[in-house]
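Read off the chains here:
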Amino acid sequence: MKETRNVMKELFEMDDEYKQKLYSEDPLKPCRLHTSRPTHATDGNQHLWRDYFYHPCHPLEEWQHLWPQNPTKYREYVGACSVEVKNLASRILRLISEGLGLKCEYFENELSGSMLVSVNHYPACPEPSLTLGVSKHSDPNLITILLQDYVSGLQVLHNGQWIAVEPLPDAFVVNVGFQLQIISNGRLKCCDHRAVTNSSDARTTAAFFVAPLLDCVIEPAQAFIDEHHPPVFKSFKYKDFRSFYIAEKGDTEVVMKSFLA
Ligand SMILES: O=C(O)CCC(=O)C(=O)O
Ligand SMILES: [Fe+2]
């Protein structure tokens, strides 16, 4: 894990000419480096301060050859880490299924058929009080496995207050995404979170997003529906949810409201 973390940091230390080749503004490009810094993209009055490299990482054989060749160990280390993270996510999803009273392998199909990683880099920021790394959002996918740095920055919204999630050495943070809330008919809730910056230390994190295949139909599981418990959410294709989420910039209230039954 240390090697993976280091190779991810190295990617952002590559020279600008190389990073320029990986850069794209197109949110649908499968492998792209992006930044919210030089343009000073804003979220309301808040400036954003994050560079990120985003790409699919499952099934590995379909995507690994499209990843950068430099740093030279990027494909090897991030590939090995992706396999481990996907296995961990499957174990967690089996436990969640059991906890919900669904069959163990409920999610072991197209519901968890893809995984993407966002390698986030937050350089030390001269004005942390005026910036956010990532603004308030819930993840659009099924479940997220987040590898934090040793530098803190992640916060979750709990009862109207932002609570810091301090990094634990070699631990992952597990986030429930919108799709898990919808499939569980609201029994599990996705949680709003954000990342703040600081003036002394750069921070690099990796969010592994386990997600349904784009054509997969998402709806509350039949097991949660009876005459006393109608479906809370409607049925839709994941790709339609994803487009809407991107168009609405992940606004939790707007997105949630639009997919209510
Ligand atoms: O970097 C972090 O701590 C959070 C990143 C995040 O929430 C995301 O990439 O969706
Ligand atoms: Fe997130």
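Residues numbered from 1 in each chain as written. Chains lettered and ligands numbered in written order. Predicted model: local features only at pLDDT ≥ 70, side-chain atom pairs only at ≥ 80, totals over all residues. Heavy atoms only, no water.

Per an unreviewed UniProt entry, the protein chain is named Fe2OG dioxygenase domain-containing protein, and its organism is Stylosanthes scabra. Taken from UniProt, the Sequence similarities (unreviewed entry) comment for the protein chain reads in full: "Belongs to the iron/ascorbate-dependent oxidoreductase family." (UniProt positions renumbered as here; feature names shortened; annotations may be inferred.)

For the structure on display, the rule yields 12 aromatic pairs. Measuring from centroid to centroid gives 6.5 Å for Y54 and F209, while their planes differ by 50°, and the two rings are tilted. With a gap of 155 residues between them, Y54 in strand β4 (residues 51–58) and F209 in strand β13 (residues 203–211) connect regions that are remote in the sequence. One aromatic cluster is present, built from ring pairs that chain together F178, F236, Y238, F241, F244, Y245 and F259. Cation over ring: R50 sits above Y52, and NZ or CZ is 3.9 Å from the ring centre. (Phe/Tyr/Trp six-rings, centres within 6.5 Å; stacked < 30°, edge-to-face > 60°. Helix = DSSP H or I, 4+ residues; strand = E, 2+ residues; numbered from the N terminus. Lys NZ or Arg CZ within 6 Å of the ring centre and 35° of its normal.)

We now examine the coordination of the iron ion (ligand 2). Every protein donor of the iron ion (ligand 2) is accounted for by H137 (NE2), D139 (OD) and H193 (NE2), and the metal-donor separations fall at 2.1 to 2.2 Å. Site description for the iron ion (ligand 2): donor spacing in sequence, H-x1-D-x53-H. Taken together, the residues H137 in strand β7 (residues 134–137) and H193 in strand β12 (residues 193–195) connect sequence positions 56 residues apart. Residue H137 is classed as buried on the basis of its relative accessible area, which comes to 15%. Classification of H193 by relative accessible area gives buried; the value is 6%. (Donors = N, O, S within 2.8 Å, 3.2 Å for Na, K, Ca; no water. Buried < 20%, exposed > 50% of the residue type's maximum accessible area, 1.4 Å probe, protein only.)

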